[in-house]
Amino acid sequence: MTAALQQKPRASAPDRTILLVLFFIVTSAFLLVSHNGDLLGQMGPVGTALKNPIVEALMVSLFLANILFAYLWKAAPWARALVSVGSLLFVLPAAGREDTSLLDLSIQIMIFAALALGLNIVVGLAGLLDLGYVAFFAVGAYTWGIVGSPRFAEILKYFGENPGGTNSGTLAIGLVLTAVTAASMLYISRLTARTAPTAATTWSFRLASVGVVAGVILTVRALLVLLAPQADGLANGLNAGFFWLFLALSIFAAAAVGVLIGLPVLKLKGDYLAIITLGLGEVIRVLANNLDLYSAGSQGITPIKSASVPWFDAAAGALGFAPDQYYLLFLYALVLVMIGLILTVNVRLDRSRIGRAWIAIRDDEVAAQAMGVPLMQTKLIAFATGASFAGVMGMIFAAKQQFISPESFVLNQSIAILSMVILGGMGSFPGVILGAAVVTLLNLRILPGLGEATANISWIPQQANPGQLQRLIFGAILVAMMLLRPEGLLPNRRRQLELHHDDNQEDESAQGNAGALGTASGDVYSAGYAPAKEDDKAGGSR
Amino acid sequence: MELSTLLPFLANVIVGGLVLGFVYAIIALGYTMVYGVLQLINFAHSEVFVTGAVVGFEVFRVLAPVSMNGYLKLLIALLAAMTISGLLNVIIERLAYRPLRGAPKLVPLITAIGVSLILQDVLRVIEGFQGRFDLTYTLPTGFAAPFCGPESSCVGFGKFLTGIGVSLQLKDVILIVVSLLSLAVLNYIVNRTRMGKAIRAVAQDRVTAGLMGIDGNRMISATFLIGGALGGISGVLFGMKFGTVNAYSGFIPGVTAFTAAVLGGIGSIPGAVLGGLLLGVLEKLIGVSNVFGELLGIKNLAVIDDSYSKLGAFIALVLILIFKPTGLLGKSNVEKV
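Residues numbered from 1 in each chain as written. Chains lettered and ligands numbered in written order. Predicted model: local features only at pLDDT ≥ 70, side-chain atom pairs only at ≥ 80, totals over all residues. Heavy atoms only, no water.

**Some words on the overall build of chain A**
For chain A, the helix and strand inventory stands at 24 helices and 0 strands. When each of the 542 residues of chain A is scored for burial, the buried share is 54%. Considering only residue pairs separated by 6 or more positions, chain A has 80% of its internal contacts joining residues 24 or more positions apart. Surface exposure of chain A reaches about 23200 Å², of which carbon and sulfur atoms provide 66%. (Helix = DSSP H or I, 4+ residues; strand = E, 2+ residues; numbered from the N terminus. Buried < 20%, exposed > 50% of the residue type's maximum accessible area, 1.4 Å probe, protein only. Contact = heavy atoms within 4.5 Å. Areas by Shrake-Rupley, 256 points an atom, 1.4 Å probe, with all protein chains shown as cover.)

**Thoughts on the overall build of chain B**
Counting its regular elements, chain B contains 13 helices and 2 strands. For chain B, the proportion of its 337 residues judged to be buried stands at 59%.

**With respect to the pattern of salt bridges**
This model, assessed by the stated rule, comprises 14 salt bridges over all chains. Bridged by salt links that share partners, the residues Glu58(B), Arg61(B), Glu127(B) and Arg132(B) form one connected network. (Salt bridge = Lys/Arg side-chain N within 4 Å of Asp/Glu carboxyl O.)

**Focus on helix H7 (residues 194-204) of chain B**
The periodicity of an α-helix, 3.6 residues per turn, causes residues three or four places apart in sequence to face the same way. Listed in full, the buried residues belonging to H7(B) are Gly196(B), Ala198(B), Ile199(B), Arg200(B), Val202(B) and Ala203(B). Packing partners of the buried residues in H7(B) comprise helix H1 (3-38), helix H6 (170-192), helix H8 (206-211) and helix H9 (216-242) of chain B.

**Points about the nonpolar core**
All names here are of chain A. Of all hydrophobic cores here, the largest spans 249 residues; its most connected members are Phe243 and Met393. Take this core: its biggest share by element is 18 residues, from helix H7 (residues 100-125). In this structure Phe243 touches Trp144, Ser306, Ala307, Phe330, Leu331, Leu334, Met395 and Ala399, once residues within four positions along its chain are discounted. The next biggest cluster of nonpolar side chains, apart from the first, holds 5 residues, and it includes Ala357, Ile361, Ala368 and Leu375. (Core = buried A, V, L, I, M, F, W, Y, C linked by side-chain atoms within 4.5 Å.)

**Quick look at the packing of helix H15 (residues 310-318) of chain A against helix H16 (residues 326-350) of chain A**
Residue and element names in this part refer to chain A. In the contact formed by H15 and H16, the axes pass within 10 Å of each other and the chain directions differ by 110°. On the basis of the axis angle, H15 is roughly perpendicular to H16. Between H15 and H16, the contacting residues are Phe312, Asp313, Ala316 and Gly317 on the first element and Tyr326, Leu329, Phe330 and Ala333 on the second. Residue composition of the contact of H15 with H16, grouped by class: 6 nonpolar, 1 polar and 1 charged. (Axes fitted to C-alpha atoms, helices over the stretch in contact; angles between N-to-C directions. Parallel < 35°, antiparallel > 145°, perpendicular 65-115°, else oblique. Nonpolar A, V, L, I, M, F, W, Y, C, P; charged D, E, K, R; others polar.)

**Describing the confidence of the model for chain A**
All names here are of chain A. On average, residues of chain A carry a pLDDT of 83, and 89% of them reach 70 or more. Segment residues 1-9 is flagged for pLDDT under 50; beyond a separation of four residues in sequence, or across chains, it makes 6 contacts in the model. For the stretch residues 502-542, pLDDT sits under 50, and the model shows 102 contacts to residues farther than four places along the chain or on other chains. (pLDDT = per-residue confidence, 0-100.)

**Thoughts on a nonpolar patch on the surface**
Together, Leu72(B), Leu75(B), Ile76(B) and Leu79(B) line one region of the surface with nonpolar side chains, adding up to about 340 Å² of accessible area. Within the secondary structure, Leu75(B) is located in helix H3 (residues 70-97). (Patch = residues over 30% accessible without salt bridge, like charges linked within 9 Å, V, L, I, M, F, W, Y side chains within 5 Å.)

Written out as structure tokens, the structure reads:
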């Protein structure tokens, strides 16, 4: 019933082709003008007004709304294609040529969109609340940050001076150990997929996972020692050509960390999972802060290389970009391709067997298990997939910033990503991207703009400057969305239909998930307490 | 290190850890009580606790020029912090958690995280408008003096402590006494009064308690009030102990206290106290691990400095949740309040 109502207005929406194209032209013109320094200079007071960071943020938001409208409005396919392709491939880079910070902002928005898409798999699809998601981002960032910067030479030097009995034999041992233990882990998990796990399989699996970690450490250590004589030639880090290798590696590294973290913690449910991931995220941050040899501690690693692609640089030069913008334009293109890939992977996964398994787990873990969904494996895949997106984006982030420090990987960042997912709508890909754009704009443009605008007002002291209100905004997003519109701004259609289909049956839900530790029964949330406007969006229970 | 210096050193570390542990224990009670009735990790509790610390700071600041007995000032600070934190906790529950009663568990959890973030910035802005960020306590004179210096006449337990080389400040002793008093009062309320009985009933089974004529929502509010008041007390004690707080300083003690609650078995009041004391000592022991490293001849332990001692709580949390999620005193039929 509700379903039909929800569908109707979309089907009979008026055709807005002309409006869409007009909107595109107007906002593009504004964006191009407001980011052209020369033009603004000639425009006098209007130019100054357009330069105001808040006005600028408004321009950028309106411009980005183009893409949203191209997705939402009913319009001719050519118009939609024109608007989305034109915005992303022509207008944004063109405006970015005049104002490099715009390129930077666009990359940042897309990085966060990818992160939000990754977290969306974990929280939105599989219903696992992960508060340490930024740790995977950090893994990706440090993977390239360490080898693509002068830090690498210093690590090599250290290992050259302290080989600690490591030689090529250690390398062989490390490789063999890694291979054998990884193979036995696979074998055991295959075995236990068919038969019930016994104490022997459980413990040998744990032993094997410790073996893998030891093997990887031995291998890496041996490699570092063996490479040590080359330290002088690597004073600026590895050759930029390795960027592509490490792009692949960062995906695997983050996914591997995801699995390693996931293996012990994913048997916990609900709030315990949330708090344990929060703890692990902090552990990784504190390690980054304290392992001075690898991460340079709180002072951070800099400068980090980006890939160098000669033909791309030549093309960028021909288009009138300045040499110091080449790498940003390159990363812009790369991140566009990446987000396209990630979105495709997401959509394909969502419609696949594994995607349905995630949703089954989110809705009711016990029922899913009874239907033959392997719980642990499915959750691990969710964790690893989400982590791999974060890993690759972490690497791009490191290359874009050319500088990383533990400051970029604090808990607040995880919560920012969570608020993007929740603002847009858990489980909804366009929603999550919208959430990422809104929160990033707020965070990087509007709040700093407000801060700048109020910096000289005497009755607002520095300590109360509204430019620092990120926490308030993230918090308000989380609370307001949960209380008022838990399905998010752009809800996932299937989910919304599910939600409004059987209001009366919702309250069974809580029973499935309550009492994560078995110490409490779920009855506390049982029937009769469910308000009408409740939903199971938040994942987890039903 | 010689044995003659090592023993007093260790005694100092352990007593210092216990003092810290009492603060964690009182904070942990707020988490564990709310978890007992709602099965919700009240993320906002760390900010309720910081609110108490800020109120305490304000009271001591306003009363600083007034010549008044130091203990009276402390009493005013404690009462004010208890009232404000308790009411704040009740308001939070009313506005942010009650409308979501019956929703899936993750929904109020996310709201709780949101409330926590909002409160952090609200506190910062309130103090920021007066041009302050780090709030340094102006304690009454004498509070920072040694409890039992060589010059003062020591008797009883104080003499014993001094005898084994433990040096405590007066404020540490006050902290322990206030904590013990709060525990006694809490124990009385929970176990000896009608309201305590009702709260315990709601924690066991809200629906059945409702059938017996107990107003579940009122008892939940009462729990939040008590938990918030305990948060206020611990805030003032924390501020006294460390001297400086700011709007963001709730996070680490909050997580540590939550860990304490889990370590002791969440929902269990004695468990929370035990967990808090254990974690306090653990934190202090990690902080001096370089001494152990020197003692045992393990050089690498020396790199574990103070920044790792905060990590201790996280690692303990991860290990407990993985290996014994029911905690030390947690049983499946644990008395939950």
